[in-house]
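# Results of the structural survey
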Amino acid sequence: MATVVAFHAHPDDEVILTGGTLARAAAAGHRVVVVVATDGRVTDRDGDRLTELRSSADILGVHRVEFLGYADSGYGEVFPPDPPGRVRFARADIEEAAQRLAAILRDEDADLLLSYQPNGGYGHRDHVRVHRVGKRAAQLAQTPRILEATMPREMLVRVAGIAEFLRLPAPYGRDVVGTAYAPRSHITHRINVFRYARQKRDAIAAHRSQVGAGAAARLFTVLMRLPPQVAGLVFGREWFVDPTLTPGRVYRDIFE
């Protein structure tokens, strides 16, 4: 059996990008660890997202959850100042943050690190930092493999167009998806997580504080009430890029 460490920027990223894969690995008997760089709090008014993270992790079968201690850097043009006594992750010293993550990788004798692509998926400054810190930490801990969580860019473009037509909230705007994540031709691992779609759906529901109001809340309610077979169609695939491989062959398991 292997040990996989999934390194994420914020609570809820662990399930959105890798929830089905983590549940599948845990069900197969592998040890699964989730590390988040930030607590997801941009301001003091934000709720306790780490508690939601632990609930999500329990649903997915995760064995250990760790928090590196940084503050959320926020998304958009405004980069807020550091809160008292804490550093926003996008300002964190790369070497220091990598040492914190590397200590966990060594402690777990990790076989595989799940991280992000250089573009941070959709350009979030904390996600870009995850890539840089994760890459350096794997070097320090001599973790043998990294897979970068992603999504097919073409799929996101279609989703954005449909959402715009139906006047529904889209995960990413049209101005973002054109360069987001990875083209389908660059993806090296496509993981079938159909059997774990219910767990993924329920783990997403654990992050209730991130739903918002209005149309977003109504869409969330619909997604959480999907029958298992339909949920499998919505949440049934996850994708990764192995930066050491030449794109071409697509693998069906993260341990391939």
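Quick note: structure is the one above.
The text that follows walks through the structure, step by step, so that each part is easy to find.

The rules behind each value
Residues numbered from 1 in each chain as written. Predicted model: local features only at pLDDT ≥ 70, side-chain atom pairs only at ≥ 80, totals over all residues. Heavy atoms only, no water. Helix = DSSP H or I, 4+ residues; strand = E, 2+ residues; numbered from the N terminus. Buried < 20%, exposed > 50% of the residue type's maximum accessible area, 1.4 Å probe, protein only. Contact = heavy atoms within 4.5 Å. Areas by Shrake-Rupley, 256 points an atom, 1.4 Å probe, with all protein chains shown as cover. Axes fitted to C-alpha atoms, helices over the stretch in contact; angles between N-to-C directions. Nonpolar A, V, L, I, M, F, W, Y, C, P; charged D, E, K, R; others polar.

### Some words on the overall build of the chain
Secondary structure assignment for the chain yields 10 helices and seven strands. Burial status across the chain gives 51% buried among its 256 residues. The long-range fraction of contacts in the chain, counting pairs at least 24 apart against all pairs at least 6 apart in sequence, stands at 80%. Taken as a whole, the chain presents about 12,100 Å² of accessible surface, with 53% of it coming from carbon and sulfur.

### Quick notes on the packing of helix H1 (residues 13-27) against helix H2 (residues 49-60)
Here H1 crosses H2 at 35 degrees, and the two axes come no closer than 9 Å. For the pair formed by H1 and H2, the contact residues are Glu14, Val15, Gly19, Leu22, Ala23 and Ala26 on the first element and Leu53, Ser56 and Leu60 on the second. Grouping the amino acids of the contact of H1 with H2 by side-chain chemistry returns six nonpolar, two polar and one charged.

### Points about the environment of valine 4
Topologically, valine 4 is positioned in strand E1 (residues 3-8). The exposure class assigned to valine 4 is buried, which follows from its relative accessible area of 0%. Separated by 21 residues in sequence, valine 4 and alanine 25 place their C-alpha atoms 8.2 Å apart. The residues contacting valine 4, other than those within four sequence positions of it, are Ala25, Arg31, Val32, Val33, Leu112, Leu114 and Ile254.

Fair warning: the whole summary comes from geometry, so function is off the table for now.
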